[in-house]
Structures are given as C-alpha cells and as structure tokens.
Amino acid sequence: MTDIRFGTRWAHADFGLIVAPYAVPQPEPQTNYVDIPGRDGALDLTEAFGTVRYLDREIPLTLYARSPFDATVSSFAAAVHGRRMNVIFDRDPTFYYDTRITIDGVEKEDGYCTLSLSCKAKPYKQKNTVTTVSETVTDTSVITLANGRMPVVPTITVTAQMTITYTLNGQAYTATLAAGTHTVSSLVLPEGDTEVTVTGTGTITFVYREGAL
C-alpha cells in the first residue's frame, strides 16, 4: 500500500490513513517574455540571471480514515496542519520535499472520512543524504564536483590554508581559504561536473545537498 512520510511519521504506518492515488506535478518555470515593437516574437529573458527559476510546487493529496476516525483525524491534524516539514513519498524514497502542509477539508461519511490536503513545496526535491567529496592534497589537485539539477553552494572545509580556482560561465575565480569551514558565494555548482583546482597541503572537503526536478 502506498505511504507518505510527513516529518518523521507515515500516513498509513503510523496514523492508519489510506493514501489515494496522487501525482506530484513539476514546478512551473518563472518565464519572462518582453514584447518589443518592430521585433518578430518576444525577447525571452527567462534565463537572464544564468538559469531557469521555478515557482513552488502545489501538490494536492487525498487521505482516507476508517471509522472510528475522530481521534485519528485529530492526531494527524495536530501533527501536520500548518506545519513546514519534509515530505517523502515511498515510491521516490531517496528524495524529500520541503513542504508547508494545509488540511483544506475533512468530509465525514458513514464509516469513513476524507481529508483533502494542499502541500506547498519548494521547487526542487532534495536528496536525503548530502554529497561529500574529500581529498588529501600535497601540491595541486583537480577535484570534480558532480551536481544535479539544482544550483547549490557547497560548504568547504580545509585543514590548512589552500587556494581554489574554478571557471563558471566562462569566468575564472580564485579564492584563498584559511583553515576552517567556508562558503564561497561565487562557487555555485550548476548541473553536471565542475572542476576545482586546489593548491596547498592538507585535506579539503566539499559538502552539498543535491536537488532534482
């Protein structure tokens, strides 16, 4: 039987609710078209800032509770209604959705009741586990950071001073990092592989959470 985890508790396994068939829609792209007099077609500025941005996902869900259901509905509402939490669908268990849950309605019938939920989720589903890339450097090393669809800034920890260089969108960057943990705002990993050249002696560790559509 299909199940959905809200925070740390499962709709069916923990609350005894039945999950109706559902679909998780793709997030809507934030498009930007400008009509210019004298030009054929609109000017597409959707990727003017380097990548496509998306609106939140709206995920409708329907759950059923068998009679006696008053205590079940009350317990479930207390746990999720109005709360922001991670939602995991058991058919896609390696990702979670960062979601605000709203119970829109409870319809009581003879022997059962229907709960209608609206879930406003961030555009990208994110991996349950973070990606960690660690390497010991003795002079110069080239480290490849593979990333999914969601742009992300990794956390970088170095055991000694190191210099990193990388190229994004045709522009070269250099940053010198003292021992400790840092984020470098210009190092936004796009989809695919990004090569980072590391110079120094010590261990460098990149940690980031990948996201997908």
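The model shown is predicted, which means the values in this text are computed figures rather than measured ones. (Residues numbered from 1 in each chain as written. Predicted model: local features only at pLDDT ≥ 70, side-chain atom pairs only at ≥ 80, totals over all residues. Heavy atoms only, no water.)

If you trace the backbone, T46 turns up in the loop between β5 (43-44) and β6 (57-66). Within the structure, T46 has its side chain in polar contact with the backbone nitrogen of N32 (distance 3.1 Å). Here D44 takes part through its side chain, which lies 2.6 Å from a polar atom of the side chain of T46. Beyond its immediate stretch of four places on either side in the chain, T46 contacts Q30, T31, N32, T51 and V52. (Helix = DSSP H or I, 4+ residues; strand = E, 2+ residues; numbered from the N terminus. Polar contact = N/O pair within 3.5 Å; in protein donor to acceptor, adjacent residues only side chain to side chain. Contact = heavy atoms within 4.5 Å.)

Take the pattern of salt bridges next. Within the structure shown, the criterion is met by six salt bridges. Here K108 ties to D70 by a salt bridge, and the two come within 3.3 Å at their closest N and O atoms. Of this pair, K108 sits in strand β8 (residues 95-109) while D70 sits in helix α1 (residues 70-80), and the two are 38 residues apart along the sequence. Between R84 and D98 there is a salt bridge; the shortest N-O distance is 2.8 Å. With R84 in strand β7 (residues 84-89) and D98 in strand β8, this residue pair connects regions lying 14 residues apart in the sequence. Judged by its relative accessible area of 37%, R84 falls in the partly exposed class. A relative accessible area of 14% means that D98 is categorised as buried. If you follow the salt bridges from partner to partner, you end up with R84, D98 and K122 in one network. (Salt bridge = Lys/Arg side-chain N within 4 Å of Asp/Glu carboxyl O. Buried < 20%, exposed > 50% of the residue type's maximum accessible area, 1.4 Å probe, protein only.)

In this section: the packing of aromatic side chains. By convention here, two paired aromatic rings are described through the distance between centres and the angle between planes. Inspection of every chain in the model, using the stated rule, returns seven aromatic pairs. Ring plane angle 85° and centroid distance 5.2 Å describe the contact between F15 and F76, whose orientation is recorded as edge-to-face. Of this pair, F15 sits in the loop between β2 (9-10) and β3 (18-19) while F76 sits in helix α1, and the two are 61 residues apart along the sequence. Among the residues examined, F15 registers a relative accessible area of 9% and is labelled buried. With centroids separated by 5.9 Å and ring planes inclined at 85°, the aromatic side chains of Y54 and Y124 adopt a geometry described as edge-to-face. With Y54 in the loop between β5 and β6 and Y124 in the loop between β9 (112-121) and β10 (125-127), this pair connects stretches of sequence that are 70 residues apart. Neither residue differs from the other here; Y54 and Y124 are each classed as buried. Taken together, the ring pairs in this structure connect F6, F15 and F76 into an aromatic cluster. Its end group placed over the ring of F95, K125 keeps NZ or CZ at 4.7 Å from the ring centre. (Phe/Tyr/Trp six-rings, centres within 6.5 Å; stacked < 30°, edge-to-face > 60°. Lys NZ or Arg CZ within 6 Å of the ring centre and 35° of its normal.)

Our focus in this paragraph is the layout of surface pockets. Space inside the largest pocket adds up to approximately 330 Å³. Looking at the largest pocket, it is lined by 14 residues, and the ones nearest its centre are G50, T51, N169, V188 and P190. Within the lining of the largest pocket, the residues separate by chemical class into six nonpolar, five polar and three charged. (1 Å grid on protein atoms, 1.4 Å probe; cavity = no way out; pocket = protein on both sides within 12 Å on 5 of 7 lines; lining within 4 Å. Points joined across faces, edges and corners; volume = space filled by probe spheres on them. Nonpolar A, V, L, I, M, F, W, Y, C, P; charged D, E, K, R; others polar.)

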